[in-house]
Structure formats: C-alpha cells, structure tokens
Amino acid sequence: MADQYLLGWIFATVLGAVFLCRALARRNCERGRALMEKERSECVKSVMVSNGECRSTDGDVDVIIVGAGVAGAALAHTLGKDGRRVHVIERDLTEPDRIVGELLQPGGYLKLIELGLEDCVEQIDAQRVFGYALFKDGKNTRLSYPLEKFHSDVSGRSFHNGRFIQRMREKAATLPNVQLEQGTVTSLLEEKGTIKGVQYKTKTGEEMTAYAPLTIVCDGCFSNLRRSLCDPKVDVPSCFVGLVLENCNLPHANHGHVILADPSPILFYKISSTEVRCLVDVPGQKIPSISNGEMAKYLKTVVAPQIPPQIYDSFIAAVDKGTIRTMPNRSMPAAPYPTPGALLMGDAFNMRHPLTGGGMTVALSDIVVLRNLLRPLGNLNDPSTLSKYLESFYTLRKPVASTINTLAGALYKVFSSSPDQARKEMRQACFGYLSLGGVFSTGPVSLLSGLNPRPLSLVLHFFAVAVYGVGRLLLPFPSPKRAWIGARLISSASGIIFPIIKAEGVRQMFFPATVPAYYRAPVLSEKQMKKTVDCVN
C-alpha cells in the first residue's frame with residue numbers, strides 16, 4: 001500500500017510539473033505577443049517597406065556582400081528581393097571561366113526554385129541530369145535520382161559555370177536596391193571587435209571604404225578575408241585536370257559518368273549541347289607538368305586506357321587540342337568565429353571534395369537558412385545582438401551541409417584505389433551495393449542529390465556497404481584470412497567516416513536540437529524587441 005501511495009505521489013508531482021511548465025510557456029508566449037503588437041504599431045515610424053518587407057531607414061546600405069560568385073550573386077538577389085539595401089563588391093564582373101561548379105544537384109535546383117532563381121539555368125544551354133552511371137573494371141550500373149514525387153521540371157542541371165553566374169548577377173542587378181561594383185576588397189574594417197564595413201580598391205585603383213551593419217564574405221575558395229572570421233583548416237587531397245570533349249555522346253544520356261579508375265575517379269558530364277566536361281582526379285598536390293608535355297603523356301598512357309571505349313577517341317582529341325586546365329580540390333570544415341557585424345558564406349566558409357558536385361547545393365541551402373533568419377529583423381544596427389542571434393545559422397545549416405560534406409569526403413576515399421586489401425574490398429563492395437538497385441541505390445543517391453540530406457541515413461548506408469563487403473568475403477566459405485580482411489574492412493570504414501564526422505561536429509550534425517543556439521529567436525527580450533521589427537505577420 002505504501003508503495004502505491006509513493007508511486008501516486010511521484011506521478012502527481014511529474015504531472016504537476018508538466019502542467020506548470022506549459023502554463024509558464026503560454027504566459028511567456030502571450031507576453032511576447034503583446035510586446036510584438038506594441039512594436040508593430042510603431043513600425044511605420046522606424047521602417048520603410050519594399051516588396052512587402054520591413055527594413056530600417058538608417059544608413060545607406062544594410063548589407064555588404066564581398067564576392068559575386070554563386071553564393072554572393074544568389075544572396076544579393078535574395079536579400080535585395082526582401083527589401084535590403086545591398087552593396088556587392090566583386091573583384092571581376094566579367095564572365096568567370098572555371099572547370100568546377102558546373103553541376104547542380106536536384107536538391108540544389110529545389111533551393112534555386114525556393115529563392116526564385118530557377119530561370120537562371122535557362123538560356124545558357126544547361127543540360128538536364130537524371131542520375132549517374134558508375135563504371136568499374138568493364139562493368140557499369142546506372143543510378144537514377146529518385147524524382148518520382150517531384151514536378152517534371154525537377155532534375156539536376158549541368159552548365160558552364162560562368163554563364164550561370166552571369167545570369168544570377170544580371171538578375172540581382174535588376175533590383176533597384178542592389179548595387180554591383182567591381183573592386184577588390186583588401187580588408188575588413190574593425191572597431192572594438194565589431195566589423196563595420198570593408199576597405200577596397202575600385203576598378204580604377206582608387207582606395208574606398210564602405211560601411212554596413214552586416215558584411216557577408218563570399219569571396220570563394222581562395223578567400224583572403226576568412227582568417228579573421230574562422231579557423232581555416234584547408235586540406236588539398238587532390239587536383240582536378242579538366243578537359244572539354246566536343247561532339248561526344250556519353251554512353252548514358254543525361255547522366256553524369258563516374259569511372260572508378262586507378263589511382264582515383266574520372267568524371268564526365270555534359271556542360272552544353274555540344275560539350276562534355278572531363279575531370280581527371282590526380283591525388284596529391286604535385287601533378288605532371290602541362291608545359292613540358294608530361295600531363296598529356298599521363299592522360300594518354302595512364303588515364304585513356306581506363307575510360308569507356310565510346311568516348312576514347314574524343315578524349316584523345318581533347319588531349320591533343322592542348323586546352324588542359326587544373327584546379328586544386330580543397331576541403332575545409334566550417335569552424336567560424338562568431339563575429340559581430342560579419343558572416344562567412346560559400347566556399348570562403350566551407351568546402352568539400354567536388355567529386356559529388358554538392359558545393360552549390362550547400363551554398364544555396366545556406367542562403368535559404370540565412371534569408372529565413374534575417375526576414376523578421378527590421379533593423380540590423382545592433383551587431384552584438386545580431387551576431388548572437390545568427391549563431392543559430394551555424395546549427396540550422398548542419399543537417400544539409402554536414403551530410404553532403406561527409407558524403408563527399410567519404411566517397412572520394414572509397415572510390416580512390418589503394419594497395420590495402422581491405423580498402424580494395426570496400427571499393428568493390430560500394431560498387432556492388434549500389435548495383436543492387438532498389439533502396440540500396442535510391443538511398444545513397446537521394447543523399448548525394450541533396451533530396452534527402454539526413455546524417456543518420458548516411459551513416460547507416462555507409463556501414464551497410466561495409467557489412468555487405470564483409471558478407472561478400474565470408475560467403476559461401478569463410479576462412480580466417482577472409483574474416484581478418486572483413487574486420488579490417490569495418491575498421492577502415494570507421495577510419496574513413498568518423499574523422500569527417502568529428503570535423504563536422506557530432507552534436508550539431510546528429511543532435512542539433514540539443515545546441516542552445518538552435519532555439520535562438522529574433523526576439524529574446526523586451527530590449528531586443530525594441531530594436532527588431534516583424535512586419536511579416
């Protein structure tokens with residue numbers, strides 16, 4: 001009987017605590033709502049409205065954006081469309097000519113639609129991409145994007161990077177509150193730990209300064225401004241050697257092609273109706289010289305024998321043409337220093353191996369997150385409060401960014417050849433697992449495409465590949481040697497993925513809701529509410 005009373009007392013206490021917490025939460029919510037209504041009544045006095053959005057009338061510029069690449073141009077249009085006064089400073093406003101940033105995954109295209117920029121892939125001869133074809137040792141398998149639940153227009157897109165960027169720049173420039181200027185930003189202007197703006201040289205060489213409550217640095221993978229805003233741990237695992245094959249028909253139309261070659265993967269995908277981009281991965285930072293003919297010899301003797309026979313002649317013709325270009329493949333986990341008045345975006349902030357073509361998807365997803373965070377704010381002029389609030393950006397972006405980043409790093413290591421027998425088995429297991437079809441291919445491809453960026457799903461599929469590899473070794477007749485290789489395979493898989501996850505941040509990646517910044521709201525106190533105005537509702 002005493003035990004029953006004790007259990008009843010415990011149950012009543014817990015139940016009472018739950019109701020008390022809910023009552024307090026409702027009271028705080030109603031109090032906040034009343035304060036918000038008070039601020040709304042004064043909205044007309046402190047802000048002007050543009051396209052239905054509220055913003056402050058103090059100062060000339062709300063946001064300075066350094067760089068007008070994919071991230072900078074898309075961000076300028078997005079913030080400009082929301083009524084922010086944006087000043088973009090780009091080193092070179094002519095059309096870029098790059099060999100990466102040419103493949104936009106379907107998940108990235110969905111973000112493009114969400115930002116109202118989907119028309120930027122029109123009129124540039126962009127090619128639709130419906131999946132990948134994987135080649136290994138004379139065998140191949142086709143992996144299609146799981147697009148059945150989406151509109152027929154949703155797919156990947158491949159194109160000339162420069163054409164895509166110019167389209168976004170042109171669209172941003174059509175907004176009257178967005179100013180694009182050619183100039184080179186030399187430094188950030190700091191005062192008492194707060195970034196107040198930038199110092200830059202104009203196209204004519206004139207030294208200028210620009211000020212804004214918020215400066216967003218999007219100056220790319222070679223950023224010279226990131227050191228004061230993050231802890232840059234840049235790794236260069238390999239280089240891409242780029243070629244353009246002309247009038248070449250790939251074995252699988254509208255698919256990217258990945259050749260699991262020795263020593264590392266080779267990529268083929270169309271960038272126009274008449275051109276195919278070839279990217280040959282060369283491990284390390286030291287590559288054969290182009291000028292003395294070593295690179296051409298390497299491509300003909302080492303690479304050419306491993307590519308599908310259907311494109312062999314076009315590949316040799318592209319090598320003979322001599323327009324060979326190189327690009328270091330960089331990876332850098334996001335490790336920001338939350339700095340009042342400044343924010344990092346794009347490749348200046350976070351990079352991953354370009355094997356999976358996920359960079360633009362991450363950048364566009366980050367822009368959607370930032371836009372949604374900034375929309376309720378009518379005034380950006382309290383840098384310390386804004387910086388504390390925007391710490392939530394680093395957590396909210398993690399599920400998408402960390403999934404794509406981890407997959408890129410892990411797949412590159414699995415797809416690269418190795419003398420280690422366990423790594424060889426892992427590579428073969430990956431090809432075999434993806435060839436099974438069904439959930440074994442659609443699951444990983446949905447992660448790769450950005451359509452299902454879930455970290456837990458990534459880890460489960462990765463270790464499912466490892467277990468599949470162990471099964472191949474032990475069946476039908478296990479042996480001590482095979483069991484030992486299987487154990488090393490599991491160990492090797494762990495050694496590949498866990499360091500990447502650690503660099504991304506285990507807590508933010510898998511348990512973002514446990515990070516206090518996850519719950520940061522634009523209005524945290526009555527004082528802050530007087531400085532931020534919500535005109536959306």
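Calculation criteria
- Residues numbered from 1 in each chain as written.
- Predicted model: local features only at pLDDT ≥ 70, side-chain atom pairs only at ≥ 80, totals over all residues.
- Heavy atoms only, no water.
- UniProt positions renumbered as here; feature names shortened; annotations may be inferred.
- Core = buried A, V, L, I, M, F, W, Y, C linked by side-chain atoms within 4.5 Å.
- Buried < 20%, exposed > 50% of the residue type's maximum accessible area, 1.4 Å probe, protein only.
- Helix = DSSP H or I, 4+ residues; strand = E, 2+ residues; numbered from the N terminus.
- Contact = heavy atoms within 4.5 Å.
- Phe/Tyr/Trp six-rings, centres within 6.5 Å; stacked < 30°, edge-to-face > 60°.
- Salt bridge = Lys/Arg side-chain N within 4 Å of Asp/Glu carboxyl O.
- Pairing = 2+ DSSP bridges.
- Axes fitted to C-alpha atoms, helices over the stretch in contact; angles between N-to-C directions.
- Parallel < 35°, antiparallel > 145°, perpendicular 65-115°, else oblique.
- Left-handed = near helix turned anticlockwise from the far one by under 90°.

Where an unreviewed UniProt entry is consulted, the protein appears under the name Squalene monooxygenase, with the organism given as Eriobotrya japonica. UniProt lists a comment for the protein under the heading Cofactor (unreviewed entry), and it reads "FAD". Taken verbatim from the UniProt record of the protein, the Pathway (unreviewed entry) comment is "Terpene metabolism; lanosterol biosynthesis; lanosterol from farnesyl diphosphate: step 2/3."

J.: How should the nonpolar core be read in this particular structure?
T.: Among soluble globular proteins, nonpolar side chains are generally buried collectively. Residues F164, V198, I216, L370, L374 and F393 are the most contacted members of the largest nonpolar core, which totals 68 residues. Among the elements that make up this core, the one with the highest residue count is helix α8 (residues 359-374) (nine residues). Among residues more than four places away in sequence, those in contact with L374 are L79, R84, L214, L380, L386 and L390. Counting residues in hydrophobic clusters, the runner-up holds 53 residues, among them Y145, L279, Y412 and F431.

J.: Looking at this structure, I do not really get helix α12 (residues 439-448). What am I missing?
T.: Residues spaced three or four apart along an α-helix point in a common direction, a consequence of the helix completing one turn every 3.6 residues. The element α12 is extensively covered by neighbouring structure, given that seven of its ten residues are classed as buried. Of all the positions in α12, only S441, G443, P444, V445, S446, L447 and L448 are classed as buried. Residues of α12 that are buried make contact with β7 (131-136), β8 (139-144), α10 (398-415), α11 (421-435) and α13 (455-474). Once α12 finishes, G450 follows within two positions and takes phi at roughly 80°, a positive value.

J.: What's the story with the packing of aromatic side chains in this structure? I'm lost.
T.: The geometry of an aromatic ring pair is captured by two quantities: the separation of the ring centres and the angle between the planes. Going through the model one piece at a time under the given rule, you end up with ten aromatic pairs. Between Y433 and Y468, the ring centres sit 6.2 Å apart and the planes meet at 70°, which makes this aromatic pair edge-to-face. A residue pair is termed long-range when its members are at least 10 positions apart, and Y433 in helix α11 and Y468 in helix α13 qualify at 35 residues. Residue classification places Y433 among the buried residues on the basis of a relative accessible area of 4%. Between F510 and F511, the aromatic rings sit 6.5 Å apart at their centres with planes inclined by 50°, giving tilted as the arrangement.

J.: Would you explain the pattern of salt bridges in this entry?
T.: In a structure, side chains of opposite charge can pair up when their charged atoms sit close to one another. Using the criterion set out here, one finds 18 salt bridges in the structure. Put simply, D347 and R352 hold a salt bridge, and the shortest N to O gap is 3.8 Å. The partly exposed category is assigned to D347, whose relative accessible area is 27%. Of the charged contacts in the structure, one is a salt bridge between E425 and R472, with a shortest N-O distance of 3.2 Å. One end of the pair, E425, is in helix α11; the other, R472, is in helix α13, and 47 residues separate them in sequence. Each member of the salt-bridge network shares a partner with another, and the members are K111, E114 and R371.

J.: Is there a simple way to explain the environment of V515 in this structure?
T.: Within the secondary structure, V515 sits in the loop between α15 (506-510) and α16 (526-529). The spatial distance from the C-alpha of V515 to the C-alpha of S392 is 8.8 Å, given a sequence separation of 123 residues. Excluding residues within four positions of it along the chain, V515 makes contact with T395, R507 and Q508.

J.: I keep staring at the sheet that holds strand β6 (residues 127-129) and nothing clicks. Help me out?
T.: Strand pairing in a sheet is mediated by backbone hydrogen bonds. Such pairs are either parallel or antiparallel. One open sheet holds the three strands; their spatial order is β5-β9-β6, and the pairing between them is antiparallel. The outermost strands of the open sheet, each flanked by one partner alone, are β5 (103-104) and β6. Sheet analysis places β6 next to strand β9 (residues 156-158), joined by three bridges and oriented antiparallel. Bridging across to β9, R128 finds its partner in R157.

J.: Help me understand the UniProt feature "transmembrane region" (unreviewed entry) in the protein, please; the structure alone is not making it clear to me.
T.: Mapped onto this numbering, the UniProt entry gives "transmembrane region" (unreviewed entry) at residues 6-25, 430-450 and 456-475. Within residues 430-450, the helical portion is 76% and the strand portion 0%, while the C-alpha atoms at the span's ends are 19 Å from each other. When the span residues 456-475 is considered, its composition is 95% helix and 0% strand, and the gap between its end C-alpha atoms is 28 Å.

J.: Please explain the packing of α10 against helix α14 (residues 480-504) as it appears in this structure.
T.: Between two packed helices, what matters for the description is the angle formed by their axes and the separation of those axes. Put simply, α10 and α14 touch, their axes get as near as 9 Å, and they point 150° apart. Comparing the axis directions of α10 and α14 gives the class roughly antiparallel. For the element pair α10 and α14, the recorded crossing hand is right-handed. Together, K398, S402, N405, T406, G409, A410, K413 and V414 of α10 and I496, I497, I500, I501 and E504 of α14 make up the contact between the two elements.

J.: I'm lost on helix α7 (residues 312-321) in this one. Help?
T.: All buried positions along α7 are accounted for by S314, F315, I316, A318 and V319. Next to the buried residues of α7 lie β14 (235-246), β16 (266-270), β17 (275-283) and α6 (294-303). Among the residues trailing α7, G322 stands out with phi positive, at a value near 90°.

J.: Mind showing me how you'd approach the sheet that holds β17 here?
T.: Within the open sheet, the seven strands sit side by side as β8-β7-β15-β16-β17-β14-β18. Their pairing is mixed. Looking at which strands have only one partner, the edges of the open sheet turn out to be β8 and β18 (325-331). Strand-to-strand twist in this sheet, taken as the mean axis angle between neighbours without regard to direction, amounts to 20°.

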